[in-house]
Amino acid sequence: MMSVVLKPIITGIISLVACLVITPLIIKLAYHKGWVVYPRNDRWHKKPTALMGGIGIFIAFSAALLGMEFGEMHWALYGAASVMFFVGLVDDIWEIKPVIKLLSQIACSFILIYNGFIFGGGLLGWAGIPLTFIWVIGITNAVNLLDNMDGLAAGISGIVALIAGILGILNGEYVLASMAFAVTGATFGFLFYNFKPARIFMGDSGSLFLGFSLSFLSVAVQGKLGSSSAILVLLIPISLMAIPIMDTTLVTIKRLAAGRRVDQGGRDHTSHRLVALGLSEKKAVLTLYCISGIWGLLCVLICKTQINNLFLCILMLAVFSVIFSVVLSKVKVYNESEEKLSYLRMRGQKSGNNLMLRFFLFHKKLIIGVCTDILIIYSAFLVATKAMHITGSESDYIVLATFICIKISLFYITNLYYRMWRYMEVLEAAGYFITIVISTVALSVILFVKGKTEYSFYFFLIDFLLTYIGVMFTRLFYRWLSDVINRNRQGEKKVLIYGAGDSGYLLIKELLQNHRHKLRPVGWIDDDEAKHNMYLHGYKIYGGKESLQAICQKVKPDMVLISSKLIDHDHELLIKKILDSLNIGLGRFSLTLTYTTSPGIDLSDNVTLELPIDKFDV
């Protein structure tokens, strides 16, 4: 048994070593042959870089599989992967038409189906055949699109292949595991030369080969899962390929909204948007590695644990991925005219004659909110029934449907779906609390009248708490994620805010939410000693003017912004003198409110107020 398990691992090690040895030779060959990619406006690299890294990946993969017995190997599948490699290689050298690549992907999909590898593991019947074509073509091109930043496609492919190999071992599919570990070793070996700063790119020969291999592996792991749970069988490949799916979906929607071709290159991928938010290239890539790794770990747990026990984890991770994508979709990466068109289309205001598309875009927040809340209500109901040992029956499905209808209807009637999640405050949280309390009371009365005595007080208490926590989590998580990203923006001037009061609070929110200022808060200064070493909006209040010089030397800001009107001109000159000696800028924050009254309103006409009026500042 040990030797059988070790064989896939040894295959992976051989592939790793082979790629580490071969890739430097490919780099030299690429420069000798002129296979070099030069910097372009729509590409990320800044210096000429060798191409054809896919040759090293494919040779290492092939060399590792030579150690397998001839009869064990899926030679038809190896042949299909080879076809994708050579199609990509020809495209790298001579550039072939997209239709040729599409036809080759269709042919390779047919080879998978002919050899019994069908999406859904046979559970979906005839529907699995067209889905296999869609899956293979979609994932192959998704990985190709993912190859947009140093180390991204190689790292994600290695993680996915590693998880597929582990699943293969757990399910007794050792040949599948060997192929998966061969891909893992080759990609991790290549990653040594491809991680920033990249010395070589994989090219289409690598991305098409990896894309097809991953589409095959993600379908193949379904084979031994059985047909007891459709959710289980379908979740595995989708979870494995979460990052490529998320990236391709985001890019496709945003390009269409901006009036671009879907196949048009550009710096608008998930990784580019993370960098635009302030992360370094390495941090952006590592962030996506972590997300892919978490999804992969969940795949392993799904295979070895009952699906119901993991449903909340799956839900939370799915919600995180959706919210993560929504946050990234708001990052501006196109020119002004494209961003304006995208803004209008995403709000359903300019979507041509497609009524369905316009309806979805105009009501997307409502649709996403309702779908998310249905999953939350279902999860809360499921956990509550398990906790109270209520056995499932046909009538329980009717009860669940009643819970969903009542709660969703009340959410809609009370306008909770028209609240802006970005500006969630205490009043909104109280509104959700009251609405869920009313729905819980109404449901308890309905079930009591219907004679459903098995649903006790504690059942409703658990259901209420889980529903409220789930609903609030989804609303607040969007705001929290936006704040975390905004607080860690790089490449912007660091600002200390003088005045930790109401006006300062307005200023710090403006700086965090409006990127065009290119100013990033790093802390507070306030003359009130009672506030020193406290935190406001997550930032520390370091001290007052008596320690201003020491604070600036410690924090090293580029600018100090005064937010309080209580700091007079003489005080400001004193601050400026200290800051000039440290070569630090000084500014002042103010707002102006101007209005003209109508007849019959008892207010002074043509009034201008300078806001904020500092009653409690400093």
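The rules behind each value
- Residues numbered from 1 in each chain as written.
- Predicted model: local features only at pLDDT ≥ 70, side-chain atom pairs only at ≥ 80, totals over all residues.
- Heavy atoms only, no water.
- Helix = DSSP H or I, 4+ residues; strand = E, 2+ residues; numbered from the N terminus.
- Areas by Shrake-Rupley, 256 points an atom, 1.4 Å probe, with all protein chains shown as cover.
- Pairing = 2+ DSSP bridges.
- Axes fitted to C-alpha atoms, helices over the stretch in contact; angles between N-to-C directions.
- Contact = heavy atoms within 4.5 Å.
- pLDDT = per-residue confidence, 0-100.
- 1 Å grid on protein atoms, 1.4 Å probe; cavity = no way out; pocket = protein on both sides within 12 Å on 5 of 7 lines; lining within 4 Å.
- Points joined across faces, edges and corners; volume = space filled by probe spheres on them.
- Nonpolar A, V, L, I, M, F, W, Y, C, P; charged D, E, K, R; others polar.
- Buried < 20%, exposed > 50% of the residue type's maximum accessible area, 1.4 Å probe, protein only.
- Phe/Tyr/Trp six-rings, centres within 6.5 Å; stacked < 30°, edge-to-face > 60°.
- Patch = residues over 30% accessible without salt bridge, like charges linked within 9 Å, V, L, I, M, F, W, Y side chains within 5 Å.
- Salt bridge = Lys/Arg side-chain N within 4 Å of Asp/Glu carboxyl O.

Bringing the overall build of the protein into the picture now. What the protein contains, in helices and strands, is 22 helices and ten strands. Total accessible area on the protein is roughly 30300 Å²; 65% of this is exposed by carbon and sulfur atoms.

Spatially, the four strands line up as an open sheet ordered β4-β3-β7-β8, and their pairing is parallel. Two strands lie at the open edges of the sheet, namely β4 (519-525) and β8 (585-588), each paired on one side alone. Strand-to-strand twist of the sheet, defined as the mean angle between neighbouring strand axes without regard to direction, takes the value 30°. Where strand β3 (residues 493-498) and β4 come together, six bridges link them in parallel fashion. Within β4, the residue paired with Ile-497 across the bridge is Trp-524. Sitting on the sheet, helix α20 (residues 502-513) is in contact with β3, β4 and β7 (559-562), with an inclination near 155° to β4.

To continue, consider the confidence of the model for the protein. The pLDDT averaged across the protein works out to 81; a share of 83% of its residues lies at or above 70. Scored below 50 in pLDDT, residues 613-618 shows 20 contacts in the model against residues more than four places distant or in partner chains.

This next bit is on empty space enclosed by the protein. As enumerated under the stated definition, the model contains two cavities of 30 Å³ or more in all. Estimates place the volume of the second largest cavity at around 50 Å³. Elements that contribute at least two residues to the lining of the second largest cavity include exactly α3 (75-94), α7 (174-194) and α8 (203-220). For the lining of the second largest cavity, the element with the most residues is α8, which contributes three residues. Within the lining of the second largest cavity, the residues separate by chemical class into seven nonpolar, one polar and no charged.

Along the chain, Ser-109 turns up in helix α4 (residues 98-114). When its relative accessible area of 0% is taken as the criterion, Ser-109 is described as buried. Discounting residues that sit within four places of it in the chain, Ser-109 has contacts with Phe-133, Val-136 and Ile-137.

Bringing the packing of aromatic side chains into the picture now. If you walk through the whole model with that rule in mind, you get 24 aromatic pairs. Taken together, a centroid distance of 5.8 Å and an interplanar angle of 90° make the contact between Phe-381 and Phe-459 edge-to-face. In this pair, Phe-381 is assigned in helix α16 (residues 364-387) and Phe-459 in helix α19 (residues 457-487), connecting sequence segments 78 residues apart. Here Phe-381 and Phe-459 have matching classes, each one buried. On the numbers, 5.4 Å between centres and 80° between planes, the contact of Phe-433 with Phe-464 is edge-to-face.

As a further point, take the pairing of β7. Side chains Met-559 and Leu-561 of β7 all project onto a buried face; the interleaved residues Val-560 and Ile-562 project onto the opposite face, where all are buried too. As defined by bridge partners, β3 adjoins β7 across four bridges and the pair is classed as parallel. Each bridged residue has a counterpart across the sheet, and for Ile-497 the counterpart in β7 is Leu-561. The pairing of β7 with β8 spans four bridges and is classified as parallel. If you follow Met-559 over to β8, its bridge partner there is Gly-585.

Further remarks concern a nonpolar patch on the surface. On the surface, a nonpolar cluster with roughly 710 Å² of combined accessible area is contributed by Leu-6, Ile-9, Ile-10, Ile-13, Ile-14, Leu-16, Val-17, Val-21 and Phe-188. The element contributing the most residues to the nonpolar patch is helix α1 (residues 2-33), with eight residues. Relative to the assigned elements, Val-21 resides in helix α1.

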